[in-house]
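Results of the structural survey
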Amino acid sequence: MNREMIVCDNVSKTFETSRGNVDVIGNVSLTVHENELLVLFGPGQCGKSTLLNCMSGLETVTSGSVTINGKVIDSPGPDRGVVYQRTALFPWLTVMGNVEYGPKVRGMSKSERREKAQYYINLVGLEGFEDSYPNQLSGGMQQRVGIARAYCNEPDVLFMDEPFGHLDAQTRYLMQEDLIRIWEKEKRTVVFVTNNIEEAIYLADRIAVLTNCPTSVKTEYGISLGRPRNYVDPEFLRLREEISSVVDKAL
Amino acid sequence: MAATKKKSYIWLSVLSIAVFIFVWYIACDVLKLTDASTLPGPKTVVRTFITKLSSTAPDGATLFEHIGSSLEIAMSGWAMGVIIGTPLGIAMAWYKKIDLYARPLFDLIRPVPGLAWIPLMILLFGIGLTSKIVTVFLSAFVPCVLNSYTGIRQTRDVHLWVGQTFGASDFQMLMKIAVPTSLPLVMTGVRVALGASWTCIVAAEMLASTKGLGYMIQQARGIYRPDIIICGMITIGVIGALFSWLLTLVERVVIKGVKR
């Protein structure tokens, strides 16, 4: 087993709203190992994204702690890349401009960051689209740019918040396949949030099944199926059946 | 398919102006429904226009000199409005303290029409260039502040999160995320300001001036020369439309990645 990369220790999060306090996360303890692909799987609106935001530092935890690489997380930082639900690309920048954004902010020289960005653009299969603007790309291509952008900053950890949730079914399968290809070539610690069980089993090294709000880890499954996985493999279907029966039903 | 469609639209636009001039011509020059000393036809106006290009009668300057004078004031006032107003709007939207400090004063200035400043400006600076430039500046300044402020406020949270996760500083996020987001509205502000400047200068010249298109029109009214008035109005309209078109071109260069 690789070393521990992300450690959530008794994390809870309460939002103060005008209608009183809302507990979104209740005592989550979770460990993600280096280069592991962990899927957070749970019903809609169960607080998965909030948990992810606590790990990326966009939200602060109410109690408990998140440590990454031994460092306590209290604000966002370049060691953690995020791929968002809907495309969060900068519409005024080209594909190249978006992908090289992180290194540019850190002050890397133009030739160096161009080379790096080009590598990741090629990796996600967007060679030839460097000068296109996001609105000229399909939804799937936009999310590829999002993945390349997160990768290009060379973070230790990648967080993906339902990145394929708004794609049509065919594109979604394709993106899952490609994500695994990219990840196997460039191994990173990935935390992937989804509410789609097939996607979870297809991608994960390990699945953490979350409960409804306030969310906590209900149970965990290590997925030892070889890759590439087959959606109709008997073991795949058995896991699907088993995990389906465990997860809370959302409204 | 799309190209042929576009072509027919351009044709329609040309037609609208042609029909207008034609009706005007029939009514005034052919049927003579109006007296030439109250509403002349296009023939008279064109003749006056050509004469006025080189003649200084009856108001002491040629048409070009009037245009030059109006443009000079409108442009300087407008440029000042853009240069001061846009950064102020951006700063107010991004920095809470600047907003708190500048907003009360701005809210008081905003509802005062540009022209309402003229009497005070004349008392302060006389009827020369300065009083009018300041008046134009105030008319251009307000839309620049308002639009850049709104533009910055449209910055999406998720874009700021991206900046944060990449470790961008507050100033980097302002310059590289919020300002690009605001550009379309900043450009709208610049365009509205230009329209306001042009309107304002002509009106200001009618009240107090010795030259300029507004002055020319005002003088022509005094001596019953509706042909000169109409000449002036058409010139004002054409120049205004030209500006608007030029700024559209600039917008196309400046604003990237937007569906048109």
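To start, this report covers the structure provided alongside it. (Residues numbered from 1 in each chain as written. Chains lettered and ligands numbered in written order. Predicted model: local features only at pLDDT ≥ 70, side-chain atom pairs only at ≥ 80, totals over all residues. Heavy atoms only, no water.)

Considering the overall build of chain B
Secondary structure summary: chain B contains ten helices and zero strands in total. Since a compact globule built from 260 residues should have a radius of gyration of about 18 Å, the 23 Å found for chain B marks it as more spread out than a globular shape. Expressed along its principal axes, the backbone C-alpha trace of chain B runs to roughly 75 × 60 × 30 Å. The buried share of chain B, reckoned over its 260 residues, is 43%. Look at the contacts in chain B between residues 6 or more apart in sequence, and 69% of them connect residues 24 or more apart. With the model as given, the accessible surface of chain B reaches about 14,300 Å², and the carbon-plus-sulfur share is 72%. Across chain B, the 23 positively charged side chains and the 12 negatively charged ones have centroids separated by 9 Å. (Helix = DSSP H or I, 4+ residues; strand = E, 2+ residues; numbered from the N terminus. Rg over C-alpha atoms; globule rule 2.2 N^0.38 Å. Buried < 20%, exposed > 50% of the residue type's maximum accessible area, 1.4 Å probe, protein only. Contact = heavy atoms within 4.5 Å. Areas by Shrake-Rupley, 256 points an atom, 1.4 Å probe, with all protein chains shown as cover. Lys, Arg positive; Asp, Glu negative; His and termini not counted. Charge placed at Lys NZ, Arg CZ, Asp CG, Glu CD.)

Here we look at the nonpolar core
Residue and element names in this part refer to chain A. Counting 57 residues, the largest nonpolar core has Ile6, Leu40, Met55, Phe159 and Val191 as the members making the most contacts within it. If we skip the residues at most four places from it in the chain, leucine 40 touches Leu30, Lys48, Leu51, Leu52, Met55, Val191, Phe192, Val193, Thr194, Ala208 and Leu210. If you look at the next biggest cluster of nonpolar residues, it comprises 49 residues, including Ile147, Ile201, Ile223 and Leu239. (Core = buried A, V, L, I, M, F, W, Y, C linked by side-chain atoms within 4.5 Å.)

Section: the environment of Ile73(B)
Residue and element names in this part refer to chain B. As for its position among the elements, isoleucine 73 is in helix H3 (residues 63-94). Residue class for isoleucine 73 comes out buried when judged on its relative accessible area of 1%. Taking the C-alpha atoms as reference, isoleucine 73 lies 14 Å from alanine 193; in sequence the two are 120 residues apart. Isoleucine 73 has contacts with Leu129, Lys132, Ile133, Val136 and Ile201, leaving out every residue within four places of it along the chain.

Points about the interface of chain B and chain A
Tallying the contact residues gives 19 residues for chain B and 22 residues for chain A. The interface formed by chain B and chain A includes zero salt bridges. In this structure, the connection of chain B to chain A is made through two residue pairs in polar contact (both at pLDDT 80 or more). Of all elements in the fold, only helix H7 (157-165) and helix H8 (170-207) of chain B reach the threshold of two or more residues within the side of chain B that touches chain A. With six residues, the single largest contributor to the side of chain B that touches chain A is H7(B). (Salt bridge = Lys/Arg side-chain N within 4 Å of Asp/Glu carboxyl O. Polar contact = N/O pair within 3.5 Å; in protein donor to acceptor, adjacent residues only side chain to side chain.)

What about the packing of aromatic side chains?
All names here are of chain A. Evaluation of the coordinates by the stated rule reveals 14 aromatic pairs over all chains. Seen from their ring centres, phenylalanine 90 and tyrosine 101 are 4.7 Å apart, and the 55° between their planes marks the pair as tilted. Within this pair, whereas phenylalanine 90 is found in the loop between strand E6 (80-83) and helix H2 (95-99), its partner tyrosine 101 is found in helix H3 (residues 101-105), the two being separated by eleven residues in sequence. Assessed through its relative accessible area of 0%, phenylalanine 90 is described here as buried. (Phe/Tyr/Trp six-rings, centres within 6.5 Å; stacked < 30°, edge-to-face > 60°.)

Here's the deal with helix H4 (residues 110-123) of chain A
All names here are of chain A. The end-to-end C-alpha distance of H4, which contains 14 residues, comes to 20 Å, matching closely the 20 Å that a straight helix rising 1.5 Å per residue would cover. Those residues of H4 lying buried are Arg113, Lys116, Ala117, Tyr120, Ile121 and Leu123. All buried residues of H4 fall inside an arc of 155° around its axis, so they share one side. Facing away from the buried side of H4 by over 90 degrees, the exposed positions are Ser111 and Glu115. (Expected span 1.5 Å × (residues − 1). Arc of directions from axis to C-beta.)

Some details on a nonpolar patch on the surface
Taken together, the side chains of Tyr9(B), Trp11(B), Leu12(B), Leu15(B), Val19(B), Phe22(B), Val23(B), Tyr25(B), Val30(B), Leu31(B) and Leu33(B) make up a nonpolar region of the molecular surface, amounting to roughly 1,200 Å² of accessible area. In this fold, Phe22(B) is placed in helix H1 (residues 2-30). (Patch = residues over 30% accessible without salt bridge, like charges linked within 9 Å, V, L, I, M, F, W, Y side chains within 5 Å.)

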